[in-house]
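Summary of the model geometry
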Amino acid sequence: METHARVVVIGGGVVGCSILFHLAKHGWKDVVLLERSQLTSGSSWHAAGLIHTLSSDPNISRLQGYTIRLYQELEELTGQSTGLHSTGGVYLASTPERLDYLKQERSKARYMGLDQEFVSLDELKDLNPLINPAHYLGALYDPLDGYVDPSGVTMAYARAARHYGARYYLNTPVIETLQQSDGSWKVVTRGGTIHTDMIVNAAGLWAREVGQLAGICLPVQPMEHHYLVTETIPEIVEHGREVVTGIDYEANIYYRQEHQGLVLGTYEPVATPWKVEGTPLDFGHELLPDDLDRVADRLALAFERMPALKKAGIKSVINGPFTFGPDGNPMIGPVPGLKNYWAAVGVMAGFCQAGGVGLCLAEWMIEGEPSIDVWAMDIARFGEFATFGYGTIKAAENYERRFLMSFPNEELPAMRRQKTTSLYDRLVERGAVMGATFGLEHALWFANSRKEASEEPTFRRSNAFPHVARESKAVREAVGVIEIANYSKHEFRGSGARDYLDRVLAGRLPLPGQLRLSPMLTARGKLYGDLTVACLEEDEYWVFGSGSAQEMHRRWFELQLHGNGVEYRNGSDELHGIAIAGPRSRTLLSRICRFDVSNESLGFMTILRTEVAGVPALLARISFSGELGYEIYCAPHFQMKLFESIESAGADLGLELYGARTLMSLRLEKNWGVWGLDYRPDFTAAEAGLDRFIDFGKSAGFIGAEAARTEQASGPARKLITLQVHTDDVDCAGDEAVFHRKKCVGFVTSGGFAHHSGMSLAMAYVPAELCREAQDFEVEILGERKPAKMLVEPAYDPNGTRMRS
Ligand SMILES: Cc1cc2nc3c(=O)[nH]c(=O)nc-3n(C[C@H](O)[C@H](O)[C@H](O)COP(=O)(O)OP(=O)(O)OC[C@H]3O[C@@H](n4cnc5c(N)ncnc54)[C@H](O)[C@@H]3O)c2cc1C
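Right, let's walk through the structure included here.

Here's the deal with the pairing of strand β12 (residues 221-230)
Burial of β12 is extensive: ten of the ten residues sit out of reach of the surface. By the alternation rule, side chains of β12 split into Gln221, Met223, His225, Tyr227 and Val229 and Pro222, Glu224, His226, Leu228 and Thr230, which are all buried. In this structure, β12 lies alongside strand β16 (residues 314-324), joined through ten bridges in antiparallel fashion. Counted as the bridge partner of Pro222 is Thr323 from β16. Of the pairings in the sheet, the one linking β12 to strand β15 (residues 261-266) comprises four bridges and is antiparallel in character.

Section: the pairing of strand β25 (residues 540-545)
Of all six residues making up β25, six are buried, and the element is well covered by its neighbours. Of the two faces of β25, the one holding Glu540, Trp542 and Phe544 and the one holding Tyr541, Val543 and Gly545 are both buried throughout. Sheet analysis places strand β22 (residues 488-493) next to β25, joined by six bridges and oriented antiparallel. Each residue of the ladder has a partner; that of Glu491, found in β25, is Trp542. Pairing geometry for strand β24 (residues 527-537) and β25, over five bridges, is antiparallel. What sits directly across from Ala534, in β25, is Trp542. With antiparallel pairing between neighbouring strands as the criterion, β24 and β25 make up a hairpin whose turn holds two residues.

Side note on the packing of helix α2 (residues 58-78) against helix α5 (residues 150-163)
Two elements in contact, α2 and α5, have axes separated by 9 Å at closest approach and are oriented at 60°. In terms of orientation, α2 and α5 fall into the oblique class. Of the two elements, α2 crosses α5, and the hand of that crossing is left-handed. Of the residues in α5, those touching α2 at Thr67, Leu70, Tyr71, Leu74, Leu77 and Thr78 are Val153, Ala156, Tyr157, Arg159, Ala160 and His163. Across the contact of α2 with α5, the residue classes break down as eight nonpolar, three polar and one charged.

Topic: the pattern of salt bridges
For side chains bearing opposite charge, pairing can occur when the charged atoms are close. Taken as a whole and judged by the stated rule, the model has 52 salt bridges. Arg381 serves as the salt-bridge partner of Asp327, at 2.8 Å between the closest nitrogen and oxygen. Of this pair, Asp327 sits in the loop between β16 and β17 (331-334) while Arg381 sits in the loop between α9 (350-367) and α10 (388-400); the two residues are 54 residues apart in sequence, bridging distant segments of the chain. Taking the relative accessible area as the measure of exposure, Asp327 reaches 33% and is therefore partly exposed. Linked through salt bridges whose partners overlap, the residues forming this network are Glu491, Arg493, Glu540, Arg569, Glu574 and Arg609.

Observations concerning the site of the ligand
The full set close to the ligand counts 38 residues, and Glu35, Arg36, Ser44, Val347 and Gly350 are the nearest of them. Put simply, the parts of the chain that give the shell around the ligand at least two residues each are α1 (14-25), β12, β16 and α9. For the shell around the ligand, the residue count by class is 22 nonpolar, 14 polar and two charged.

Conventions used here
- Residues numbered from 1 in each chain as written.
- Predicted model: local features only at pLDDT ≥ 70, side-chain atom pairs only at ≥ 80, totals over all residues.
- Heavy atoms only, no water.
- Buried < 20%, exposed > 50% of the residue type's maximum accessible area, 1.4 Å probe, protein only.
- Helix = DSSP H or I, 4+ residues; strand = E, 2+ residues; numbered from the N terminus.
- Pairing = 2+ DSSP bridges.
- Axes fitted to C-alpha atoms, helices over the stretch in contact; angles between N-to-C directions.
- Parallel < 35°, antiparallel > 145°, perpendicular 65-115°, else oblique.
- Left-handed = near helix turned anticlockwise from the far one by under 90°.
- Contact = heavy atoms within 4.5 Å.
- Nonpolar A, V, L, I, M, F, W, Y, C, P; charged D, E, K, R; others polar.
- Salt bridge = Lys/Arg side-chain N within 4 Å of Asp/Glu carboxyl O.
- Near = heavy atom within 4 Å.

This is the structure:
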């Protein structure tokens, strides 16, 4: 075995082999995979092998499409069969809500270039003669779906990797991973040690154990999972061609043909986490004892829906473990806080996803960034809150909900209150309906009382609607109060801080006492942050951004540090805060400050370190509501005092508490996008309209300058616009297809009802040539195309006079 390699991939399951293949194919030949036993020795060998494109995240769907299309290429390259059966597949709905869900999925598929279409119930019967169509309201068909041979696929990746020059070693367990002072690693095995620039943990069922060799917690959890294989079914023989694969959500079953019978699997209603304490190092090509009682009720439903199954004998029952992450999506990318250590773990649908995971990881390692936004898979979407205990419970929740529907307004119940602020009980007492972002609880909206504080999950307008209207009115006409502890706060200090930020951020930096907005770009000019920069002193800066992106941004900031006189820290948990907004917010502030807060003394986009309501605070004159407003940040232990003072000082001013839903409604009528929806690495600053904050004149340059300048010269290909959508009881939630003259031309990134303006609004990316004047579009919501008109200026206060007043 060699003593040096550029990359060592740990784990020869389908994920590790795909990464090895993609690295070698993209030009890194000096890459090695180490496998404890034989290839496929984890969960890969006993998978059911179904492949499909549907996923909650559009980019994961896209990558699943990529994975499936890759199988033919792998076969041609290696001669190794992947056992690919392109049967096509159906997603079945037996409730109106599920049908709505499938309509939303089809809308998403339209703009992603996936070819999904509804088939009639007669066509369904023809695609699968076992089905009793009377159970269904609709069926969405995807021709890409089918199934593969899991071992064949893994071997094909490994052979293809070898074809491009990579190497792999079997029976070589990694027993130590030791970080060196220069950031490189020593990977120790009994057969020798490899010195490597980078490690990839693709150890599947053992991801936790391999992570712990490097001292990190990867919150994934193996879960037991059953499927069974039937004997020959005469109806399938008679059919004469393969039946399509299927997912029947309400029965909670999936199936595919196997010889002349079926493979039938289900996600049990009560999950069984496997080896919570850790995966045994000697677990081999083994299955777990089956327990059909656990799946009996699901099988009964399957028999109802496919009556021929009742007579079919069962040839074998498989119960095997595979790992889930806390939200069911893979966890990939550089691990924040650890140099040159990459994760590719928690891949629960390896045969649909490993190709995309391998591609993105290879691009990220070799080129510095993946070609599409991988946020839904980025390991940085979890932080220290995602402990092993958190991982086990959330993974179980996700397993149980695998075929249950999640609505756009739904908050999942497991592991709530993992992180709370000092105001939590107080807000709940006031009727707050809470949500959790990056583990931290925050108010979504306020009901009239604690007793009424709950929300029905729905695709349509929910019972929150009148409450969000009330809160919006208070902000626009009086004063509203919102907790903003969940924003991220990054602190930069030192003599080199200004130069550092000038290079890392694309915008002009503020002077002491000022705030400025700035996009942050990747080298390719893609958006990597939409940030507010505060300069307290020449050598002290705070950068505020999306709370959920804090570890992603921390990783990026740390990557750019080269010992240049800058001290950086993610201070998000050390500064909590409260914002007040509305025409009466200045009056309120004047009652709790000992100094002049007039527009002349405390102008728009200024910040100072001071005392507010008697507690030490950072006071910033800025607001995301488009109204006169202030953000007040303080240490968590001062926040309750600040809150109580604000509440009593505003009692006679019409003060109302408001939550994230109202903030989202208010910002929509200002045409302001938000990080993670409208602004993300899929888009450039010019596409998002954030190029107006770029300082193209910076003499020292900034990351992404070249790409941004090129785009400035040519103009962006598409643009983010705001649409007024004509609709009654439903608003856009994101991912709806946008049509122009009957052709799908774009997609919605966020939407909702703007209560003050009385309009349903949506932000959408469409081709730039369609934005030169106000055009008519259509937006497909729950299967219906609704007329939509582009707004040429924000629906509320287009000149921004209210917030500057
Ligand atoms: C019953 C069942 C049905 C399934 N059905 C489907 C399906 O229909 N479709 C689908 O897409 N997915 C399905 N899956 C999921 C799929 O099997 C997994 O997503 C996939 O196998 C994950 O692959 P992996 O490479 O991440 O992990 P693994 O397959 O677990 O591979 C990890 C590898 O790392 C090696 N390793 C561990 N520790 C070390 C070490 N210290 N040193 C060196 N090597 C090490 C292991 O030996 C192993 O070979 C199913 C899973 C099960 C259990």
